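Residue-level listing of the chains:
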Amino acid sequence: IKKIGVFTSGSDSPGMNAAIRAVVRTAKLYDLDVVGIRRGYEGMIQGEFTDMDRGSVSNIIQRGGTILKAGRSEEFKTSAGRKKAYEQLKSQQIDGLVALGGNGTFIGAKELGREYDMPIIGVPCTIDNDLLGTDFTVGYDTAINTAIEAIDKIRDTAESHDRLFIVEVMGADSGLIALRVGIAIGAEAMMIPGTRSDMPALFARLEMGRKDKASKIVVVAEGEEPGEAFEIGRIIKEKYPNYDTRISILGHIQRGGKPTCMDRVLASRLGVAAVEVLRNGHRNEMVGLIHNSIICTSFERSIKHNIDLNPDLLKVVEMLSL
Ligand code: F6P
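Just so it is clear, the structure is predicted and the values come from calculations on it, not from any experiment.

Caption draft 1: Quick peek at the overall build of the protein chain. Along the backbone of the protein chain there are 11 helices and 11 strands. Across its three principal axes, the protein chain shows a C-alpha extent of roughly 65 × 35 × 30 Å. The 322 residues of the protein chain split such that 48% are buried. For the protein chain, long-range pairs separated by at least 24 residues make up 76% of all intrachain contacts whose partners lie at least 6 apart in sequence.

Below is the structure:
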């Protein structure tokens, strides 16, 4: 491999810049040329390439978002779109790719790698933490800390006004953000996909709760339908007209901001590993960190929704939320 392309695709996540920096600097150490591809697969199709060197990634490790810009591409989902993208890569003599993103990014990478002779290594970057083959994805730690900071503030006002707050967090169809955030903010109840979190269970939980506690916070995972918190709030208001109930949807605040130390270190380690395994002949795999060791997992296996929620964490919720 002589020249690699690096790109960020799908949703941005805090720590992507640290990963770009690690990829570019590692590639330069190994005397590889590096091209940054802007706007993910869409930019690949349009030929939005820019040469990168050590200086192009100075002072970005601490910045949220992605200097290469991100986004989804409908055209890349078609074989004609992938053909255009491959031709653009070839016209630049790019002979390897590092893809930074989540499920959608790796579905695209898997297809491109299956149709063309283009080795690709993925770095898991998503706030959702919903990929197999890594304990944590880049951005998850920052997102949960952002959510905790926001909900701690909500707790202050909830306690002052004896209010019940329904707070919706991101995480697509996985409840991994909600689960950790719920434990960390001492939620009175949670609504998480894949657990027994139906309305009767929520009512039971609220009724079991301490009567002397002024505020109550219910953490809701956005699930398939963002905005679910409004419907839950409506039902709660109907059932408990005496609760002073408010709804808060944290939304995209969870995707921005400075990456935490955990995310910067994870992104740096995975960025280095991505270039090294690419040079060693790996292809169509994601690098991840499992029990503190670098592990490669095929795109095929890493792409998986509905990751099981850790039963130990669920037990902690049950035990401590009353
Ligand atoms: O995958 C990251 C994520 O923030 C999800 O948690 C959320 O469901 C989705 O992206 C939101 O996407 P968009 O920014 O396109 O609204």
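Following the structure, the description resumes.
Caption draft 2: Local environment of the UniProt feature "binding site: ADP" (unreviewed entry) in the protein chain. UniProt's entry tags Arg21, Ala22, Val23, Val24, Arg25, Arg155, Gly186, Ala187, Glu188, Lys213, Ala214 and Ser215 with the feature "binding site: ADP" (unreviewed entry), counted in the numbering of this structure. Over a stretch of 195 residues, the named residues are scattered through the fold, their C-alpha atoms separated by up to 52.6 Å. Looking at where Val23 falls in the secondary structure, it is placed in helix 1 (residues 16-29). Of the residues examined, Val23 has 30 C-beta atoms within 10 Å and is grouped as buried. On the secondary structure map, Ser215 appears in the loop between helix 7 (199-208) and strand 8 (216-221). Ignoring sequence-local partners within four residues, the contact set of Ser215 consists of Arg155, Ala158, Glu159, Asp162 and Arg163.

Caption draft 3: Looking closely at the UniProt feature "binding site: substrate" (unreviewed entry) in the protein chain. Mapped onto this numbering, the UniProt entry gives "binding site: substrate" (unreviewed entry) at Thr126, Ile127, Asp128, Arg163, Glu222, Arg246, His252, Ile253, Gln254 and Arg255. Spatial dispersion of the annotated residues is evident: they stretch over 130 residues in sequence, and the largest pairwise C-alpha distance comes to 32.6 Å. Along the chain, Thr126 turns up in the loop between strand 5 (120-124) and helix 5 (140-161). According to the C-beta neighbour criterion, Thr126 is buried, with 28 such atoms within 10 Å. Each residue touching Thr126, except ones within four places of it in the same chain, is listed here: Ser11, Ser13, Gly101, Gly102, Thr137 and Gly139. Classification of Ile253 as partly exposed rests on a count of 14 C-beta atoms within 10 Å.

Caption draft 4: Quick look at the pairing of strand 2 (residues 33-37). The element strand 2 is largely enclosed, with a buried count of four among its five residues. For strand 1 (residues 3-8) and strand 2, the ladder comprises five bridges, and the chain directions are parallel. By the bridge assignment for strand 2, Val6 is matched with Gly36. Taken together, strand 1, helix 1 and strand 2 constitute a β-α-β crossover, and its handedness is right-handed. Sheet analysis places strand 2 next to strand 3 (residues 49-52), joined by four bridges and oriented antiparallel. Bridge assignment links Val35 to a residue of strand 3, and that residue is Asp51.

Caption draft 5: Broad picture of unusual backbone geometry. The residue Arg39 is not glycine, and still its phi comes out positive at about 60°. On the basis of neighbour counts, which here come to 20 C-beta atoms within 10 Å, the residue Arg39 falls in the buried class. Although it is not a glycine, Asp162 sits at a positive phi angle of roughly 50°. Following the sequence through the fold, Asp162 ends up in the loop between helix 5 and strand 6 (163-169).

Caption draft 6: Layout of the sheet that holds strand 7 (residues 189-191). The sheet built from four strands is open, its strands ordered 7-8-6-9 with parallel pairing. A strand with exactly one partner marks an edge of an open sheet, and here the two such strands are strand 7 and strand 9 (244-249). Neighbouring strand axes in the sheet, compared pairwise and without regard to direction, differ in orientation by 20° on average. With three bridges joining them, strand 7 and strand 8 adopt parallel strand pairing. Directly across from Met191, in strand 8, lies its bridge partner Val220. Along the sheet, helix 6 (residues 176-185) makes contact with strand 6, strand 7 and strand 8, crossing strand 8 at roughly 165°. On the sheet, helix 7 packs against strand 7 and strand 8 and is oriented at approximately 170° with respect to strand 7.

Caption draft 7: How the structure looks around the nonpolar core. Among the nonpolar cores identified, the biggest contains 50 residues, and Ala19, Val23, Val98, Leu270 and Ala274 are the most heavily contacted of them. Residue contributions to this core peak at eight residues, all from helix 1. Apart from residues no more than four positions distant in its own chain, Ala274 is found in contact with Val23, Val98, Ile121, Val123 and Val287. The next biggest cluster of nonpolar side chains, apart from the first, holds 34 residues, and it includes Ile144, Val167, Val220 and Leu250.

Caption draft 8: Representation of the packing of helix 1 against helix 9 (residues 261-279) within the structure. Two numbers describe how helix 1 lies on helix 9: the axes approach to 7 Å, and their chain directions differ by 35°. Helix-helix and strand crossings are classified by hand; for helix 1 and helix 9 the assignment is right-handed. Of the residues in helix 9, those in contact with Ala18, Ala19, Ala22, Val23, Thr26 and Ala27 of helix 1 are Arg264, Ala267, Ser268, Leu270, Gly271, Val272, Ala274, Val275 and Glu276. Taken together, the residues of the contact of helix 1 with helix 9 sort by class into 10 nonpolar, three polar and two charged.

Rules of the game
- Residues numbered from 1 in each chain as written.
- Predicted model: local features only at pLDDT ≥ 70, side-chain atom pairs only at ≥ 80, totals over all residues.
- Helix = DSSP H or I, 4+ residues; strand = E, 2+ residues; numbered from the N terminus.
- Buried ≥ 20, exposed ≤ 12 C-beta atoms within 10 Å, placed from the backbone.
- Contact = placed C-beta atoms within 7 Å.
- UniProt positions renumbered as here; feature names shortened; annotations may be inferred.
- Pairing = 2+ DSSP bridges.
- Right-handed = clockwise from strand over helix to strand, strands pointing away.
- Axes fitted to C-alpha atoms, helices over the stretch in contact; angles between N-to-C directions.
- Core = buried A, V, L, I, M, F, W, Y, C linked by C-beta atoms within 7 Å.
- Left-handed = near helix turned anticlockwise from the far one by under 90°.
- Nonpolar A, V, L, I, M, F, W, Y, C, P; charged D, E, K, R; others polar.

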